[in-house]
Protein chains: 2
Amino acid sequence: MISAPAPEEFNDRQNEVLASALRLVVEGGEKALTTAALARAANCSKESLYRWFGDRDGLLAAIVAHQAAKVRVPHESAERMTADAFRARLVTFAEDLLTVLAGETSLALNRLAISQTSREGAALGRLLLDRGRGRIAERARDLLRAGQAQGHIACDDMTEAYRTLYGLIVRDQHGRWLLGESPDGARDGFAAHARTAIDQFLTLYRATGTPRDQENTPAGAL
Amino acid sequence: MISAPAPEEFNDRQNEVLASALRLVVEGGEKALTTAALARAANCSKESLYRWFGDRDGLLAAIVAHQAAKVRVPHESAERMTADAFRARLVTFAEDLLTVLAGETSLALNRLAISQTSREGAALGRLLLDRGRGRIAERARDLLRAGQAQGHIACDDMTEAYRTLYGLIVRDQHGRWLLGESPDGARDGFAAHARTAIDQFLTLYRATGTPRDQENTPAGAL
DNA sequence: GTGCAGCCGAACCGTACGGTACGGTACACA
DNA sequence: TGTGTACCGTACCGTACGGTTCGGCTGCAC
């Protein structure tokens, strides 16, 4: 069981320690994060670690929460956009998404949460899902909603549309990266692929009366 | 370092033990797979485990190799297809892909390989990538190539086309499942979503002279 | 000053796990 | 019948790690 996911904030010293912890995880994976190693790296005592975070699971949760807390999604203002501006905003979103997912911090945290799953609870995964991807999805849905309101795209289910958008942007790359393939090779092509993906997305969801648009609403999708 | 990824086959007894090992991993994650627990579950001695698989890493590699070895992709015959038959074959592929990825064995193995990544090597991830996803991708590319040869779709880069197909089918679901979200809710919608995804794919890649088709060939994609 | 709280660093404890060694059994083969 | 091989089950060893305790230092309240 994971101790309370800490809705309360941590103080400066504690955040500093969490930053050290995150660095350990990024560099050496979960097994590099021993309490002794963290105490040494952060110049603090194990006693303090246990006082602040409860136990090791609490520490893991705090690391994820700490990092998730600094996810700051740029607010997508809903002001009037031309079709090109809308497209440009989507391309920017796509580039941002790929950049985040390819980042070693994101990858390390995802690996950490995934390896903690399976054991009943999956609290870390939920945390990452809600506070990480959730925020990003929210931003994208706002943007899509604005595009829909202004007639740039036609769709009734923003969540469905977002999932399609995500799929076109990310494809199988996140999985490959998680399994150890280096994102470096792909990183050069982020901008180019972002444009391609958005073109594809707009082809599917463009509002110019393409007859297939009604089909893009499957039934029981989670 | 992981001992030789065993190109040689294992005998029946060893395969039996590997099946037990896989069951342990599926049920309890990596940390449930202790040598003692496996010896007990498989009614074998720890001594035999070390004789057969070298060390724990070798055992993990053997588990992955063992499971990957039974990936049998139905051969996609390239005989003449109508457009509808081609579409149906794609839908079947999509359903198969979702069913495999949502399976607890696949999820457990992916979690195992992902949690082993980060530490230099990532041999398990490579194994899974090559012998798991690779086979599936190969099957899909064969099918796409046949469709292309018979004029059902237009694209010059099968790998790019396959990645788009994968993205449209899987979207963000694999990641969510890996993080602990239950596939059960989505499972009912597999068939419906498979059809939707294939419709979208065909919209993008249909050969009927849609002018956007040339754009589907980004530059530096990995 | 005295007392107290928070913290560091190090020593300590218990245990779980990877890996090894050994005794005992079944079976093949001569 | 003797010898060897492969195996099981168990006991064993060493260590690494989670978690606790303690002594000592600093700073603050009074």
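Computed from a prediction, not measured in an experiment: that's the story for all the values here.

Parameters at a glance
- Residues numbered from 1 in each chain as written.
- Chains lettered and ligands numbered in written order.
- Predicted model: local features only at pLDDT ≥ 70, side-chain atom pairs only at ≥ 80, totals over all residues.
- Heavy atoms only, no water.
- Least-squares fit on C-alpha atoms with pLDDT ≥ 70 in both.
- Contact = heavy atoms within 4.5 Å.
- Domains from an automatic or database assignment.
- Buried area = accessible area lost by both parts, 1.4 Å probe.
- Salt bridge = Lys/Arg side-chain N within 4 Å of Asp/Glu carboxyl O.
- Polar contact = N/O pair within 3.5 Å; in protein donor to acceptor, adjacent residues only side chain to side chain.
- Helix = DSSP H or I, 4+ residues; strand = E, 2+ residues; numbered from the N terminus.
- UniProt positions renumbered as here; feature names shortened; annotations may be inferred.
- Axes fitted to C-alpha atoms, helices over the stretch in contact; angles between N-to-C directions.
- Parallel < 35°, antiparallel > 145°, perpendicular 65-115°, else oblique.
- Near = heavy atom within 4 Å.
- Nonpolar A, V, L, I, M, F, W, Y, C, P; charged D, E, K, R; others polar.

> Whenever I open this one, the relation of the copies chain A and chain B confuses me. Can you help?
These two copies of the chain differ by a rotation about an axis and a displacement along the same axis. Mapping chain A onto chain B calls for a screw motion: a turn of 180° about the axis and a shift of 0.0 Å along it, with 0.0 Å RMSD after fitting. As the rotation angle and translation indicate, the two copies are arranged about a two-fold axis. Rotation axis and chain A: the residue whose C-alpha lies nearest the axis is Gly167(A), separated from it by 2.0 Å. Interface overlap between copies: 100% of the residues of chain A at the interface are likewise at the interface in chain B, consistent with a symmetric, same-surface contact.

> What am I meant to see in the domain arrangement of chain A here?
By a frequent convention, interface size equals the accessible area lost on bringing the separate parts together. Residues and elements named next belong to chain A. Here the domain parsing of chain A yields domain 1 (12–69) and domain 2 (74–205). In this structure, domain 1 and domain 2 have C-alpha centres spaced 28 Å apart. The partner domain 2 presents 13 residues to the 12 residues of domain 1 that form the contact. For the domain 1 and domain 2 pair, buried surface summed over both sides reaches about 1,100 Å², with 74% attributable to carbon and sulfur atoms. For the domain 1 face of the interface with domain 2, the top three residues by lost area are Val-26, Val-64 and Ala-68, together amounting to 42%. At the boundary of domain 1 and domain 2, one finds zero salt bridges. Run the count over domain 1 and domain 2 and you get one residue pair in polar contact (both at pLDDT 80 or more). Of all the secondary-structure elements, those providing two or more residues to the side of domain 1 that touches domain 2 are helix H1 (12–28) and helix H4 (56–69).

> Honestly, the UniProt feature "domain: HTH tetR-type" (unreviewed entry) in chain A in this entry has me stumped. Any pointers?
With numbering aligned to this structure, UniProt lists the feature "domain: HTH tetR-type" (unreviewed entry) at residues 11–71 of chain A. Across residues 11–71 of chain A, helical content stands at 77% and strand content at 0%; the span's end C-alpha atoms are separated by 18 Å.

> For this particular structure, what's the right way to read the packing of helix H1 (residues 12–28) of chain B against helix H6 (residues 104–116) of chain B?
The angle between the axes and the distance between the axes are what describe a pair of packed helices. All names here are of chain B. Their axes nearest at 9 Å, the elements H1 and H6 cross at an angle of 85°. With respect to their mutual orientation, H1 and H6 come out roughly perpendicular. Contacts between H1 and H6 pair Leu-22, Val-25 and Val-26 from the former with Glu-104, Thr-105, Ala-108, Leu-109 and Leu-112 from the latter.

> I keep staring at the protein's contact with DNA strand C and nothing clicks. Help me out?
For DNA strand C, the set of nearby residues contains 16 residues, the closest of which are Glu47(A), Ser48(A), Arg51(A), Lys46(B) and Arg56(B). Atoms of DNA strand C within 4 Å of the protein belong to the sugar or the phosphate in 55% of instances, the rest to bases. Between DNA strand C and Asn43(A), the relevant distance is 3.5 Å, taken from a phosphate oxygen to a main-chain nitrogen or oxygen of the residue. Of all elements in the fold, only helix H3 (46–53) of chain A together with helix H3 (46–53) of chain B reach the threshold of two or more residues within the surface near DNA strand C. For the surface near DNA strand C, the residue count by class is four nonpolar, five polar and seven charged.

> Quick question: what am I supposed to make of the interface of chain A and chain B here?
Taken together, the contact between chain A and chain B spans 51 residues of the former and 51 residues of the latter. A combined buried area of about 4,600 Å² lies between chain A and chain B, and 61% of that area is made up of carbon and sulfur atoms. One can count four salt bridges joining chain A with chain B. Here Arg171(B) and Glu160(A) are joined by a salt bridge, their closest N and O atoms 2.4 Å apart. Applying the counting criterion to the chain A and chain B interface returns two residue pairs in polar contact (both at pLDDT 80 or more). Of all the secondary-structure elements, those providing two or more residues to the side of chain A that touches chain B are helix H6 (104–116), helix H7 (123–149), helix H8 (158–170), helix H9 (173–178), helix H10 (184–187) and helix H11 (190–205) of chain A. Of the residues in the side of chain A that touches chain B, the class split is 16 nonpolar, 20 polar and 15 charged.

> Just checking my understanding: could you explain unusual backbone geometry for this structure?
If a residue is not glycine, its phi is most likely negative; likewise, a peptide bond is most likely trans. Although it is not a glycine, Arg171(A) adopts a positive phi angle of roughly 50°. Within the fold, Arg171(A) resides in the loop between H8 and H9.

> Just to check I follow, could you spell out the protein's contact with DNA strand D for this structure?
The immediate surroundings of DNA strand D are formed by 16 residues, with Lys46(A), Arg56(A), Arg13(B), Ser48(B) and Arg51(B) found nearest. The sugar-phosphate portion of DNA strand D accounts for 55% of its atoms within 4 Å of the protein, the bases making up the rest. The separation between a base oxygen of DNA strand D and a polar side-chain atom of Lys46(A) is 2.4 Å. Ser48(B) is positioned with one of its side-chain polar atoms (N or O) 2.7 Å from a phosphate oxygen of DNA strand D. Only H3 of chain A together with H3 of chain B provide two or more residues apiece to the surface near DNA strand D. The greatest single-element share of the surface near DNA strand D, amounting to four residues, is contributed by H3(B). Within the surface near DNA strand D, the residues separate by chemical class into four nonpolar, five polar and seven charged.

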